[in-house]
Amino acid sequence: MASPRSTNLSSLYLHGGSVYCDDVKLETVPPLPKETTHFYARFNKITKINKEDFAHMNKLKRIDLTSNQVSQIDRDALVKLPALEELLVRENSLAQLPPLPATMTLLDASHNRLGSRSIQREAFKDMTNLLYLYLTDNEIDHIPLPLPHSLRSLHLQNNNIQIIHEDTFCNSHDPKYIRNALEDIRLDGNPVNLSKTPQAYVCLPRVPIGDLI
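The structure displayed is predicted, hence computed values, not measured ones. (Residues numbered from 1 in each chain as written. Predicted model: local features only at pLDDT ≥ 70, side-chain atom pairs only at ≥ 80, totals over all residues. Heavy atoms only, no water.)

J.: I would appreciate a short explanation of the pattern of salt bridges in the present structure.
T.: Side-chain pairs of opposite charge can arise whenever the charged atoms involved come near each other. Summed over the entire model, instances satisfying the criterion amount to 11 salt bridges. A salt bridge links Arg-62 to Asp-64; the shortest N-O distance between them is 3.9 Å. Side by side, Arg-62 and Asp-64 carry an identical accessibility label, which is buried. The salt bridge involving Arg-206 is made with Glu-183; its shortest N-O contact spans 3.5 Å. Residue Arg-206 is found in the segment after β11 (184-186), and its partner Glu-183 is found in the loop between β10 (153-155) and β11; the two are separated by 23 residues along the sequence. For Arg-206, a relative accessible area of 48% gives the class partly exposed. Residue Glu-183 is classed as partly exposed on the basis of its relative accessible area of 43%. (Salt bridge = Lys/Arg side-chain N within 4 Å of Asp/Glu carboxyl O. Buried < 20%, exposed > 50% of the residue type's maximum accessible area, 1.4 Å probe, protein only. Helix = DSSP H or I, 4+ residues; strand = E, 2+ residues; numbered from the N terminus.)

Laid out in structure tokens, this is it:
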């Protein structure tokens with residue numbers, strides 16, 4: 001009988017620098033070619049990301065683990081990847097986000113179990129190229145600050161956010177500050193009344209979507 005590791009290897013489909021192994025009942029991340037740039041392992045049964053899984057993969061730009069059973073990512077599993085730009089771990093069971101490299105442009109951790117202590121302080125501060133941050137359908141009770149000025153889209157629907165402060169998006173010390181990039185903010189499905197803090201949105205191109213009553 002073949003070992004689970006050898007079975008995983010036979011499930012790989014390579015196309016250029018991309019590795020595809022969607023919906024093949026993987027329980028662990030298989031050994032990947034060092035030249036891998038994009039890794040797709042959606043709709044599997046992977047439960048944990050170990051620090052060895054992506055070690056020394058200096059060209060890896062995208063990891064897509066949508067719809068697995070990931071409940072844990074080792075602290076050093078991703079932060080040392082020098083080229084990583086996109087991480088998709090939506091529809092898993094994560095209760096903690098690991099440190100991520102400053103090269104990120106997209107993070108989608110929607111539909112997990114992230115709560116008030118699941119995101120480290122100033123987790124996104126140094127991600128000066130981050131464009132898309134999706135944390136929909138979790139248990140988050142505050143907006144993780146500071147948000148990089150590069151951010152275009154912030155989705156936080158269906159969480160437990162109750163308060164928006166005047167300096168959440170804007171600069172309370174600089175009334176002329178404008179955050180032009182952040183055009184898409186979703187806060188619907190949270191117990192927060194956006195109309196109570198109108199000064200919190202004066203620097204934005206558009207008012208966030210959410211409850212105004």
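J.: Hey, could you run me through the state of the cysteines in this one?
T.: Covalently bonding the sulfur atom of one cysteine to the sulfur atom of another cysteine gives a disulfide. In total, this model carries 1 disulfide according to the counting rule given. Disulfide pairing is shown between Cys-170 and Cys-203; the S-S distance is 2.1 Å. Taking the torsion about the S-S bond as the criterion, the Cys-170 to Cys-203 disulfide, at about -90 degrees, is left-handed. Placement of the pair is Cys-170 in the loop between β10 and β11 and Cys-203 in the segment after β11, with a sequence separation of 33 residues. Like Cys-170, the residue Cys-203 is buried in the burial classification. (Disulfide = S-S within 2.5 Å.)

J.: I tried to follow the nonpolar core on my own but got confused; where do I start?
T.: Across soluble globular proteins, nonpolar side chains have a tendency to be buried as a group. Membership of the largest hydrophobic core comes to 56 residues, with the highest contact counts inside it found for Phe-39, Phe-54, Ile-63, Leu-78, Leu-154, Ile-164 and Phe-169. Once you skip the residues sitting within four places of it in the chain, Phe-39 turns out to touch Val-19, Cys-21, Val-29, Pro-30, Leu-32, Phe-54, Leu-60, Arg-62, Ile-63, Asp-64 and Leu-65. (Core = buried A, V, L, I, M, F, W, Y, C linked by side-chain atoms within 4.5 Å. Contact = heavy atoms within 4.5 Å.)

J.: Looking at this model, I keep getting lost on the layout of surface pockets. Mind explaining?
T.: Over the atoms, a rolling probe the size of a water molecule traces out where space has been left empty. What the largest pocket holds in volume is close to 170 Å³. If you go around the largest pocket, the residues you meet are Lys-51, Phe-54, Ala-55, His-56, Met-57, Asn-58, Asp-76, Ala-77, Lys-80 and Leu-81. When grouped by side-chain class, the residues that make up the lining of the largest pocket number 5 nonpolar, 2 polar and 3 charged. (1 Å grid on protein atoms, 1.4 Å probe; cavity = no way out; pocket = protein on both sides within 12 Å on 5 of 7 lines; lining within 4 Å. Points joined across faces, edges and corners; volume = space filled by probe spheres on them. Nonpolar A, V, L, I, M, F, W, Y, C, P; charged D, E, K, R; others polar.)

J.: Hey, could you run me through unusual backbone geometry in this one?
T.: Most peptide bonds take the trans configuration, and most residues that are not glycine carry a negative phi. Pro-146 follows Leu-145 through a cis peptide bond whose omega is -5 degrees. For Pro-146, the location among the structural elements is in the loop between β9 (132-134) and β10. In the Ramachandran plot, His-56 falls in the positive-phi region, its phi being about 65 degrees despite a non-glycine side chain. Relative to the assigned elements, His-56 resides in the loop between β4 (48-49) and β5 (62-64).

J.: Hey, could you run me through the confidence of the model for the protein chain in this one?
T.: Close reading of the predicted structure is inappropriate where its pLDDT is low. Within the protein chain, residue pLDDT values average 93, and 94% of them lie at 70 or more. Every residue in residues 1-8 is under pLDDT 50, and counting partners more than four places away or in other chains gives 8 contacts. (pLDDT = per-residue confidence, 0-100.)

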